[in-house]
Amino acid sequence: MKSILEGRPALAAEVNKVAEVAGYLWQKGWAERNGGNITVNVTEYVDDDIKAMPAISEVKQIGTALPHLKGCYFYCKGTQKRMRDLARWPMENGSIIRILDDCASYVIIADSPVMPTSELPSHLSVHNYLIAKGSPYKASVHTHPIELVAMTHCKKFLEKDVASNLLWSMIPETKAFCPRGLGIIPYKLPSSVELAEATIRELDDYDVVMWEKHGVFAVDVDVMAAFDQVDVLNKSALIYIAAKNMGFEPDGMSQEQMKEMTVAFNLPK
Ligand code: 2HA
Ligand code: ZN
């Protein structure tokens, strides 16, 4: 069977980026079993032949109407699929879906009828919100980074921007490459509408939000950039832990040094 990626190098490059990131998530220990999910808005790579491709699934309901997704196409990790398998076979562990004109349902169009992630309603709600806002962001990544999740088991790190300020102060690159910091969402049932709604509200102020005692949800222009933001934050958490393991509380960069960074690199806050 011919893959939708054949003869479409730009679309193939986007899907291959998802596979590369899925491999990193597994290697980092952030993607046990089927943990985590990735969706990418690939509408810009869709040609007339793709638009004419028949559905290979029945019509599925999203569970909510998302008016800005009319005619959009997404690559989605499959439900119950493993990141480590997706890393090698992205079109067997994920699929491309078409949102139908009612904006409340979708069909799978390629390559095989792999059902999308259990977090599809929250991922698609986020994409709907990003389009409504005119954002250039096309990718969303949910994963379980060990040290960042561990931090959410401590109440002080759940207060607004306490974790952000600590993580920024561990190494200059974290503020430079994750300038909006880490939003915090108090514990909510995985896959719930409440979690999706809270995530969207928090994405107004942050590119990476932490679901307490569960994992992060990150958005950016592509899947690699979203991964990078989580990676720099978790690197900072590792530096913090390394210092604690050496037996001291790390000093952190001073507020002056952080302000100097914000001005020198023209960062948002
Ligand atoms: O898809 O991580 O939160 C597996 C998950 C759900
Ligand atoms: Zn999860």
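Rules behind the numbers
Here the residue numbering is sequential within each chain, running from 1 through the sequence in written order. As a convention, the first chain written is A and the first ligand written is 1, with the rest following in written order. With the structure being a predicted model, the display of local features is reserved for residues of pLDDT at least 70 and the display and counting of side-chain atom pairs for 80 or more, all residues being used for whole-chain, interface and lining totals. Water and hydrogen atoms play no part in the side-chain values, which are based on all heavy atoms of the structure. Counted as donors are N, O and S atoms no farther than 2.8 Å from the metal, or 3.2 Å for Na, K and Ca; water is not among the atoms, and sites may therefore look incomplete. For helices the rule is a DSSP run of H or I covering at least 4 residues; for strands it is a run of E covering at least 2, with both sets numbered from the N terminus onward. Only protein chains enter the area calculation, which uses a 1.4 Å probe; residues under 20% of their type maximum are buried, those over 50% are exposed, and those in between are partly exposed. Throughout this description, the term nonpolar core refers to a set of buried Ala, Val, Leu, Ile, Met, Phe, Trp, Tyr and Cys residues connected via side-chain atoms within 4.5 Å. The contact criterion used is simple: two residues touch if any of their non-hydrogen atoms lie within 4.5 Å. Being near a molecule or strand, for a residue, means having at least one of its heavy atoms within 4 Å of it. In protein, a polar contact requires one atom able to donate a hydrogen and another able to accept it; more generally it is a pair of N or O atoms within 3.5 Å, and residues adjacent in sequence count only if both atoms are side-chain atoms. Here, Shrake-Rupley sampling with a 1.4 Å probe gives the accessible areas, and only protein chains in the shown set may cover a residue. At least two DSSP bridges between two strands are needed for those strands to be called paired.

Asks: An account of the coordination of the zinc ion (ligand 2) is needed here, citing residue identities and associated values.
Replies: Around the zinc ion (ligand 2), the protein contributes the donor atoms His142 (NE2), His144 (NE2) and His214 (NE2), which lie 2.0 to 2.1 Å from the metal centre. For the zinc ion (ligand 2), the single-chain donor residues occur in sequence as H-x1-H-x69-H. In this pair, histidine 144 sits in the loop between strand 6 (139-143) and helix 5 (146-151) while histidine 214 sits in the loop between strand 8 (208-211) and strand 9 (215-220), placing the two residues 70 residues apart along the sequence. Taken as a pair, histidine 144 and histidine 214 share a single burial class, namely buried.

Asks: How would you summarise unusual backbone geometry if you had to cite specific residues and measurements?
Replies: Keep in mind that most residues, glycine aside, have a negative phi and that most peptide bonds are trans. Each neighbour pair has its own omega, and for alanine 110 with aspartate 111 the value is -20 degrees, a cis peptide bond. Note on placement: aspartate 111 falls in the loop between strand 5 (105-110) and helix 4 (120-132). Its identity is not glycine, yet serine 191 carries a phi of approximately 70 degrees, on the positive side. Position of serine 191 relative to the elements: it lies in the loop between strand 7 (182-185) and helix 8 (193-202). Although it is not a glycine, lysine 213 adopts a positive phi angle of roughly 55 degrees. Its place among the elements puts lysine 213 in the loop between strand 8 and strand 9. By relative accessible area, which is 40% here, lysine 213 ends up partly exposed.

Asks: Tell me what's going on with the nonpolar core, and back it up with residues and numbers.
Replies: Among the nonpolar cores identified, the biggest contains 50 residues, and Ile4, Leu25, Ile38, Leu148 and Leu182 are the most heavily contacted of them. If you tally residues by element for this core, the top one is helix 9 (residues 223-245), at 9 residues. Not counting residues within four places of it along the chain, the set of residues in contact with isoleucine 4 comprises Leu11, Ile50, Met53, Met91, Ile96, Ile109, Ala110 and Asp111. In terms of nonpolar packing, the next biggest core, distinct from the first, is built from 14 residues, Leu195, Ile200, Leu203 and Val219 among them.

Asks: Describe the site of ligand 1, listing the residues and the values that go with them.
Replies: Surrounding ligand 1, one finds Asn34, Gly35, Gly36, Asn37, Ser118, Glu119, His142, His144 and His214. Taking asparagine 37, its side chain carries an N or O atom lying 2.7 Å from an oxygen atom of ligand 1. Here an oxygen atom of ligand 1 sits 3.0 Å away from a polar atom, N or O, in the side chain of histidine 214. When isolated, ligand 1 has an accessible area of 220 Å², and the protein chains bury 87% of it.

Asks: Residues and numbers for the pairing of strand 5, please.
Replies: Along strand 5, 6 of the 6 residues are buried, which leaves the element largely enclosed by surrounding structure. Inspection of the sheet shows strand 2 (residues 60-61) paired to strand 5 by 2 bridges, in the antiparallel sense. Following the sheet pairing, glutamine 61 is matched in strand 5 by serine 105. Bridging between strand 4 (residues 94-99) and strand 5 involves 4 bridges; their strand directions are antiparallel. For isoleucine 96, the partnering residue across the bridge sits in strand 5 and is alanine 110.

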